[in-house]
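# Understanding the architecture of this molecule
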Amino acid sequence: MRRIQTGVIAVCLAAALLSGCAGSSAQSTASSTAASSAAASSISTTAVSANYDGGSGTQEDPYQINSVDSLLTFASNVNDGSQGGYAGVSFKLTSDLDLSGVEWAPIGNMNDMETHSTLFLGSFDGNGHTISNLNYTSDVYNCGAGLFGVSCGEVKNLTLENATVTVTEGTSMAIGGVVGYNMGSVDNVTLKGDSTITGNNCVGGIVGGNNNSITNCTVEGATVVVIGDNHFTDQIIQADVAECGGLVGIGGCLEMMDTITNCTADVTIESENGGHAIGGLCGYAGTHSNPDICLETEGFSTKNYPSVIDNCNVTVNIKANGATHVGGLVGTGLYYYGEETVFKITNCSVKGSIDGAVTPGTVAGRAEGSTIESCTADVTIDENAGTEQVGTTTQMYESADQ
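Residues numbered from 1 in each chain as written. Predicted model: local features only at pLDDT ≥ 70, side-chain atom pairs only at ≥ 80, totals over all residues. Heavy atoms only, no water.

## So, the overall build of the chain
The helix and strand inventory of the chain stands at 7 helices and 35 strands. Put simply, the chain has 402 residues, and 59% of those count as buried. Intrachain contacts of the chain at a sequence separation of at least 6 include 83% that bridge at least 24 residues. (Helix = DSSP H or I, 4+ residues; strand = E, 2+ residues; numbered from the N terminus. Buried < 20%, exposed > 50% of the residue type's maximum accessible area, 1.4 Å probe, protein only. Contact = heavy atoms within 4.5 Å.)

So, in structure tokens, the structure goes:
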């Protein structure tokens, strides 16, 4: 049976998932990723603490970051693998930081997929502070770009303001403002101000790609721009190459996800070339019905079936001429090992507009096997009042020219 899925799992995350970091918190990650834990245990606490502004790195006494220089040190120490991804180590932001003029490198990457030392495996607590004026622009391949590139740990209590993340290389994926690819947890995070996130596949305001939990997050007035299209060759679709797959306010491709709860998004979505799987909350969503398939083939087990999207409120303006599977909240499920992933949307609301889409729904573009309960929608479709919560589609993937 042919498997069609996003390259976020198929191409660049298989080794990371096999490490055991997917679906874990920062603390459980340390115990489940033996190689990274071993690397972390060999770190000289005295040498590391000298690079920060206080603290010892424990959960009770986290390392403190109160300057741009300390944040850059933190990023460098994750990305060069010297600290084993900071598995089991805690950080706390102790002041607002302005990154104007800073040449940024996203925190966490996949350069070391043997011991996973370059993934972020710790806990980062923004402590209610704001990081402003992040600017990351790249024309080379990225799998995970944003403030954090790839996180298997915990990112929480943080505001990102006036962020620009732009990745123009066509096969790149998992592009977000705060976390490019989240395999841990993101909680109580806000993206606001004049923020623009641009990419080809799995593009989101706060998170690009995700297979764990996103809770209590807010996007205020961000613009998400997609540069891909959905002109599929011979109707055999690989959703990670040359098409838009997952364009979102909160998160892009939320495949094999756990939950999205208590999130709010106010976002403008622009896709000049069409696109596929576009939603005000998320583009792709859902969970495979058989956790054993995920465990045996990708190294992690799904938690909820169907995955839960609850108590989320979205205001969205989608401009996507020729795009398919477009919804006010969710674009569609992902075709994964022979079936479409399934989601359950409850107690959510959406208002705004969808213009130019081929197969739009006020709540979901496609929701095969999924459930929508106790949701309200006040969405115009091509300037007319939308009446159907779910778009009328016949294909798992649809080309703009079908």
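## Considering the pairing of strand S31 (residues 349-355)
Where strand S25 (residues 313-319) and S31 come together, 7 bridges link them in parallel fashion. Its bridge partner lying in S31, Val314 is registered against Val350. In this structure, S31 lies alongside strand S34 (residues 376-381), joined through 6 bridges in parallel fashion. Paired with Ile354 across the two strands is Ile381, which belongs to S34. (Pairing = 2+ DSSP bridges.)

## What to know about the nonpolar core
With 79 residues, the main nonpolar core has Phe74, Trp104, Phe124 and Ile309 as its most contacted residues. Residues Met110, Leu119, Ala174 and Tyr181 belong to the second largest nonpolar core, which totals 11 residues. (Core = buried A, V, L, I, M, F, W, Y, C linked by side-chain atoms within 4.5 Å.)

## Some details on unusual backbone geometry
Phi angles above zero are rare outside glycine, and Tyr86 is one such case at about 55 degrees. Its place among the elements puts Tyr86 in the loop between helix H6 (68-79) and strand S2 (90-93). The class for Tyr86 is buried, based on a relative accessible area of 1%. For Ala277, which is not glycine, the phi dihedral falls at a positive 65 degrees. By the element assignment, Ala277 lies in strand S22 (residues 276-279).

## Some thoughts on the side chain of Thr259
Of note, Thr259 is situated in strand S20 (residues 259-261). In this structure Thr259 comes out as buried when scored by relative accessible area, which is 15%. Setting aside anything within four residues of it in sequence, one finds Thr259 in contact with Asn212, Ser213, Ile214, Thr215, Asn304 and Val308.

## Section: the pattern of salt bridges
Evaluated as defined, the whole model comprises 4 salt bridges. Salt-bridge contacts for Glu154 lead to Lys156; the nearest nitrogen and oxygen are separated by 3.7 Å. Taking the relative accessible area as the measure of exposure, Glu154 reaches 21% and is therefore partly exposed. The exposure class of Lys156 is partly exposed, given its relative accessible area of 22%. Among the ionic pairs, Glu373 bridges to Lys344, the shortest N-O distance being 3.9 Å. Taken together, the positions of Glu373 in strand S33 (residues 371-373) and Lys344 in strand S30 (residues 343-346) put the pair 29 residues apart, joining distant regions of the chain. Residue classification places Lys344 among the partly exposed residues on the basis of a relative accessible area of 31%. Here the salt bridges do not stand alone but share partners, grouping Glu340, Arg366 and Glu368 into one network. (Salt bridge = Lys/Arg side-chain N within 4 Å of Asp/Glu carboxyl O.)

## Observations concerning the side chain of Thr159
With respect to the element layout, Thr159 can be found in strand S8 (residues 154-161). Thr159 sits in the buried class, given a relative accessible area of 15%.

## Section: the packing of aromatic side chains
The final tally for this structure, using the stated rule, is 11 aromatic pairs. Where Tyr63 meets Phe91, the ring centres are 5.4 Å apart and the plane angle is 45 degrees; that geometry is what we call tilted. Of this pair, Tyr63 sits in strand S1 (residues 63-65) while Phe91 sits in strand S2, and the two are 28 residues apart along the sequence. Ring pairing ties together the aromatic residues Tyr52, Tyr63, Phe74, Tyr86, Phe91, Phe120, Phe124 and Phe148, which thus form one cluster. (Phe/Tyr/Trp six-rings, centres within 6.5 Å; stacked < 30°, edge-to-face > 60°.)

## Section: H6
The first and last C-alpha atoms of H6 sit 16 Å apart over 12 residues, in line with the 16 Å expected at 1.5 Å per residue. Turning to H6, its buried residues number three or more, namely Ser70, Leu71, Phe74, Ala75, Asn77, Val78 and Asn79. Buried residues in H6 make contact with S1, S2, strand S3 (97-98), strand S4 (123-132) and strand S7 (148-151). Just downstream of H6 lies Gly81, where phi reads positive at about 75 degrees. (Expected span 1.5 Å × (residues − 1).)

## Observations regarding the state of the cysteines
Applying the stated criterion across every chain yields a total of 0 disulfides. Left without a disulfide partner, Cys375 is nearest to the cysteine sulfur of Cys348, which lies 4.8 Å away. (Disulfide = S-S within 2.5 Å.)

## Observations concerning the environment of Leu281
With respect to the secondary-structure elements, Leu281 resides in the loop between S22 and strand S23 (282-286). Expressed as a C-alpha distance, the spacing of Leu281 and Val316, which sit 35 residues apart in the sequence, is 8.7 Å.

## Let's talk about the environment of Thr287
Relative to the elements of secondary structure, Thr287 occurs in the loop between S23 and helix H7 (291-298). By relative accessible area, which is 0% here, Thr287 ends up buried. C-alpha of Thr287 to C-alpha of Val342: the two residues are 55 residues apart in sequence and 5.3 Å apart in space. Reaching out from Thr287, the side chain makes a polar contact with the side chain of Ser307 at a distance of 3.4 Å. (Polar contact = N/O pair within 3.5 Å; in protein donor to acceptor, adjacent residues only side chain to side chain.)

## Here's the deal with the confidence of the model for the chain
Predicted confidence across the chain gives a mean pLDDT of 83, with 80% of residues reaching 70 or more. Predicted confidence is poor over residues 1-20, with pLDDT under 50, and the contacts of this stretch with residues over four places away or in other chains come to 71 contacts. Below a pLDDT of 50 lies the segment residues 234-244, which in the model reaches 39 contacts outside its immediate sequence neighbourhood of four places, other chains included. (pLDDT = per-residue confidence, 0-100.)

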